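Here's the letter readout for the chains.
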Amino acid sequence: MDLGVISVRYARALLESATKAKTEDMVYDEMHTLAHSYLEVPQLRSAIGNPMLATEKKVNLLVCACGKKVSDLTKRFISLVVREDREFALQFMANSYITLYRKQKNIIHGKLITATAVSSQIEDKMKQMVANRTNATVEFQTEVDPSLVGGFVLEYDTYSLDMSVKRQLNDIIKHLNK
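Scope of this entry: the structure provided in the associated data block. (Residues numbered from 1 in each chain as written. Predicted model: local features only at pLDDT ≥ 70, side-chain atom pairs only at ≥ 80, totals over all residues. Heavy atoms only, no water.)

This part is about a nonpolar patch on the surface. Nonpolar side chains collect at one region of the surface, where Val149, Leu169, Ile172 and Leu176 lie side by side and expose about 410 Å² of accessible area between them. The class of Ile172 is partly exposed, set by a relative accessible area of 48%. (Patch = residues over 30% accessible without salt bridge, like charges linked within 9 Å, V, L, I, M, F, W, Y side chains within 5 Å. Areas by Shrake-Rupley, 256 points an atom, 1.4 Å probe, with all protein chains shown as cover. Salt bridge = Lys/Arg side-chain N within 4 Å of Asp/Glu carboxyl O. Buried < 20%, exposed > 50% of the residue type's maximum accessible area, 1.4 Å probe, protein only.)

Next up on the list: the packing of helix α4 (residues 55-64) against helix α5 (residues 72-83). Closest axis-to-axis distance for the α4/α5 pair is 10 Å, and the angle between their directions is 140°. Judged on the interaxial angle alone, α5 and α4 are oblique. Classified by chirality, the crossing of α5 by α4 is right-handed. Residues Thr55, Lys58, Val59, Leu62 and Val63 of α4 pack against Lys75, Ile78, Ser79 and Val82 of α5. Across the contact of α4 with α5, the residue classes tally to five nonpolar, two polar and two charged. (Axes fitted to C-alpha atoms, helices over the stretch in contact; angles between N-to-C directions. Helix = DSSP H or I, 4+ residues; strand = E, 2+ residues; numbered from the N terminus. Parallel < 35°, antiparallel > 145°, perpendicular 65-115°, else oblique. Left-handed = near helix turned anticlockwise from the far one by under 90°. Contact = heavy atoms within 4.5 Å. Nonpolar A, V, L, I, M, F, W, Y, C, P; charged D, E, K, R; others polar.)

We now examine the layout of surface pockets. When its volume is computed, the largest pocket comes out at roughly 160 Å³. Together, His32, Ala35, His36, Leu39, Gln91, Asn95, Ile98 and Arg102 line the largest pocket. Going through the elements one at a time, α2 (24-40) and α6 (90-105) are the ones with two or more residues in the lining of the largest pocket. Across the lining of the largest pocket, the residue classes break down as three nonpolar, four polar and one charged. (1 Å grid on protein atoms, 1.4 Å probe; cavity = no way out; pocket = protein on both sides within 12 Å on 5 of 7 lines; lining within 4 Å. Points joined across faces, edges and corners; volume = space filled by probe spheres on them.)

A few words on the sheet that holds strand β1 (residues 107-114). Read from one edge of the open sheet, four strands run β2-β1-β3-β4, paired in mixed fashion. Each edge of the sheet is formed by a strand with only one pairing partner; in this case those strands are β2 (137-144) and β4 (159-162). Here the strands of the sheet are splayed against their neighbours by 15° on average, with no regard to which way each runs. Here four bridges tie strand β3 (residues 152-156) to β4, and the two strands are oriented antiparallel to one another. Bridge pairing links Glu155 to Ser160 in β4. Packed onto the sheet, helix α7 (residues 120-134) meets β1, β2, β3 and β4 and runs at close to 140° relative to β2. (Pairing = 2+ DSSP bridges.)

As structure tokens, then:
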């Protein structure tokens, strides 16, 4: 069976259960933390994939990777996934849950990349601009990339607005080389 199909099925079932239990927001945070843990701790994948590691230890490790206080639903979900020998797909399940949750809640994920750190007021204005344009709730991530020299890059959904000095300088160089 296809990894994507497996992941989406499990994630959809988790979202339905969480919605019925009115814990979908908490589970969203836990899946977000789990997905982030896989990215930040590459050894997690190899530890979980180790056939010598006992099932109970795998479950405990994965629950720990979900954050400090983990819901019973997430604990039961992880136990089920490990019991069914599907732990290899758990990172994809977490990401699928995040995608399905955002779609259900009409949430757009955006990213603002600037050359220097920006104030919370500027971040809020950019977030509000995206929210007004999309009629959605906006989750925002900010990054600082000094190579931009100045300006910003705003990305959300399939939209990208590059107003960086770096891009403008590259455009001038291309134009002069023609």
